[in-house]
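If you want the building blocks of each chain, they are given just below.
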Amino acid sequence: MNKDQKMLKFLFRNGSSFAYALISLLLAVFPEEFFKTDVTACLIKFFKSTIEDENLWIATVILNKVLLCLLVFFIVKLIYVIWKKFRRKVVMYGLNYSVSIEYGDILEIKKGKKVINFDECFTTTVGEKPWEIKKDSICGQYLQKYGPIDVNKLIENAKVKPAKSKSNFNNQTRYESGTIVPNGEFLLLAFARLDKNGKGCLTYEEYLNCLNKLWDQINIYRETEDVYITILGSHITNVDIELNQQQILDVMIASYRLSQKRIRNPEKLHIVCRKQENFSINDVLGIE
């Protein structure tokens, strides 16, 4: 972002609209007499002693109005910066739907349906080997907190059909990315494809296809509750193009906005994010 763009952003975004509205209100409410102060008049007279009395008061009013505008503008800007620094959630609104992007821990949320992403084979073994679920991943934390779970029984009860092809890892039964298996308040998601070494990976096209299927599946299983989901693919899964957490979040939001299977108000989709370096919910596209 060059200097001109930064200046335009400072003047016309990030709380500027509220500042200008407040300035307009104050200028409309306060009468001309309010801006005629002896202190400012003396200051003007000091710098230009030859100014006539009539012009002196006109200059006094103009200068005081300018000072008021600058003061209000910078105070509002300061308040806005502080508010942005400490806010923990932003909400995007669309036609009959909304998306909340918020900081938090999805496993600590007590309401709604929570999407937990597994690999394509619904692996439930937590460990350090390439084909095992990493303990610090969302899936690993879920299995350690709520496991062990009989995922095969859950699949059977939900009548979920496996994919026609087998996994590249050990020729295991796999499920199409985006497939959901319900488990009470949790929706278990088949997400990452496994390579021959058992590591999770996806192409960008596969990632988008997974999201499209996911939005459809969520509508099947969410009943009438809000849905909570993390930023998919931002931690361990390898996507074949270089995307950081901020960019992946933007891709998820764009996919959801284009989907015909959005959750209708008053329920909403919540994207739960981990607060970390080089990431901020304030930088989400379309959010001020």
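Attention here is on the structure that accompanies the text. (Residues numbered from 1 in each chain as written. Predicted model: local features only at pLDDT ≥ 70, side-chain atom pairs only at ≥ 80, totals over all residues. Heavy atoms only, no water.)

Concerning the packing of helix α7 (residues 204-221) against helix α8 (residues 245-258)
As a packed pair, α7 and α8 sit with axes 10 Å apart at the nearest point and diverge in direction by 50 degrees. In terms of their interaxial angle, α7 and α8 are classed as oblique. Here α7 and α8 pass one another in a crossing that is right-handed. Facing α7, whose interface residues are Tyr 204, Tyr 207, Leu 208, Leu 211, Asn 212 and Trp 215, α8 presents Ile 248, Val 251, Met 252, Ser 255 and Tyr 256. (Axes fitted to C-alpha atoms, helices over the stretch in contact; angles between N-to-C directions. Helix = DSSP H or I, 4+ residues; strand = E, 2+ residues; numbered from the N terminus. Parallel < 35°, antiparallel > 145°, perpendicular 65-115°, else oblique. Left-handed = near helix turned anticlockwise from the far one by under 90°. Contact = heavy atoms within 4.5 Å.)

Remarks on the pairing of strand β7 (residues 227-230)
Two faces make up the sheet, and in a regular strand the side chains alternate between them. Residues Val 227 and Ile 229 line one face of β7 and the alternating positions Tyr 228 and Thr 230 line the opposite face, and both faces are buried. Relative to strand β9 (residues 269-273), β7 runs parallel, the two being bridged by 4 bridges. Paired with Ile 229 across the two strands is Ile 271, which belongs to β9. (Buried < 20%, exposed > 50% of the residue type's maximum accessible area, 1.4 Å probe, protein only. Pairing = 2+ DSSP bridges.)

Structural notes on unusual backbone geometry
Most peptide bonds adopt trans geometry, and most residues besides glycine take a negative phi value. With an omega of 10 degrees, the peptide bond running from Asn 265 to Pro 266 counts as cis. Along the polypeptide, Pro 266 turns up in the loop between α8 and β9. You will see that Phe 122, though not glycine, has its phi angle at about 50 degrees, which is positive. Tracing the chain through its elements places Phe 122 in the loop between β3 (113-119) and α5 (138-146). The backbone of Asn 171 shows a phi angle near 55 degrees, a positive value even though the residue is not glycine. As for its placement among the helices and strands, Asn 171 is situated in the loop between α6 (151-158) and β4 (180-183). We classify Asn 171 as exposed; its relative accessible area is 54%.

Comments concerning the pattern of salt bridges
Within the structure shown, the criterion is met by 7 salt bridges. The partner of Glu 108 in a salt bridge is Lys 145, with the nearest N and O atoms 3.3 Å apart. Of the two residues, Glu 108 sits in the loop between β2 (97-103) and β3 while Lys 145 sits in helix α5, which places them 37 residues apart along the sequence. Residue classification places Glu 108 among the partly exposed positions, given a relative accessible area of 48%. Notably, a salt bridge pairs Asp 216 with Lys 261, separated by 4.0 Å at the nearest N-O pair. (Salt bridge = Lys/Arg side-chain N within 4 Å of Asp/Glu carboxyl O.)

So, the side chain of Glu 267
Looking at where Glu 267 falls in the secondary structure, it is placed in the loop between α8 and β9. Excluding residues that lie within four positions of it along the chain, Glu 267 makes contacts with Arg 222, Thr 224, Glu 225 and Asp 226.

Re the packing of aromatic side chains
Aromatic ring pairs are defined here through the distance separating the ring centres and the angle between the ring planes. Summed over the entire model, instances satisfying the criterion amount to 14 aromatic pairs. Here the aromatic rings of Tyr 142 and Tyr 146 are separated by 5.4 Å at their centres, their planes lie at 35 degrees, and the arrangement is tilted. Here the residue Tyr 142 and the residue Tyr 146 both occupy positions in helix α5, the gap between them amounting to 4 residues, near one helical turn. The exposure class of Tyr 142 is buried, given its relative accessible area of 1%. The ring of Phe 186 is capped by Lys 114, whose NZ or CZ atom sits 5.5 Å from the centre of that ring. (Phe/Tyr/Trp six-rings, centres within 6.5 Å; stacked < 30°, edge-to-face > 60°. Lys NZ or Arg CZ within 6 Å of the ring centre and 35° of its normal.)

Re a nonpolar patch on the surface
Residues Ile 58, Ile 62, Val 66, Leu 67, Leu 70 and Phe 74 make up a contiguous nonpolar surface patch of roughly 550 Å² in combined accessible area. Taking relative accessible area as the criterion, Leu 67 reaches 45% and is therefore assigned partly exposed. (Patch = residues over 30% accessible without salt bridge, like charges linked within 9 Å, V, L, I, M, F, W, Y side chains within 5 Å. Areas by Shrake-Rupley, 256 points an atom, 1.4 Å probe, with all protein chains shown as cover.)

Things to note about the environment of Arg 88
By the secondary structure assignment, Arg 88 is in the loop between α4 (53-86) and β1 (89-94). Judged by its relative accessible area of 47%, Arg 88 is partly exposed. As a C-alpha pair, Arg 88 and Gly 104 span 16 residues in sequence and 8.3 Å in three-dimensional space. Here Arg 88 is in contact with Ile 101, Glu 102, Tyr 103, Gly 104 and Ile 281, once residues within four sequence places are set aside.

Regarding the pairing of β3
Burial analysis of β3 places 7 of its 7 residues in the buried class, which makes it a mostly covered element. Burial of β3 is two-sided: the residues Lys 113, Val 115, Asn 117 and Asp 119 facing one way and the residues Lys 114, Ile 116 and Phe 118 facing the other way are all buried. Pairing of β3 with β7 involves 2 bridges; the strand directions are parallel. Paired with Lys 114 across the strands is Tyr 228, a residue of β7.

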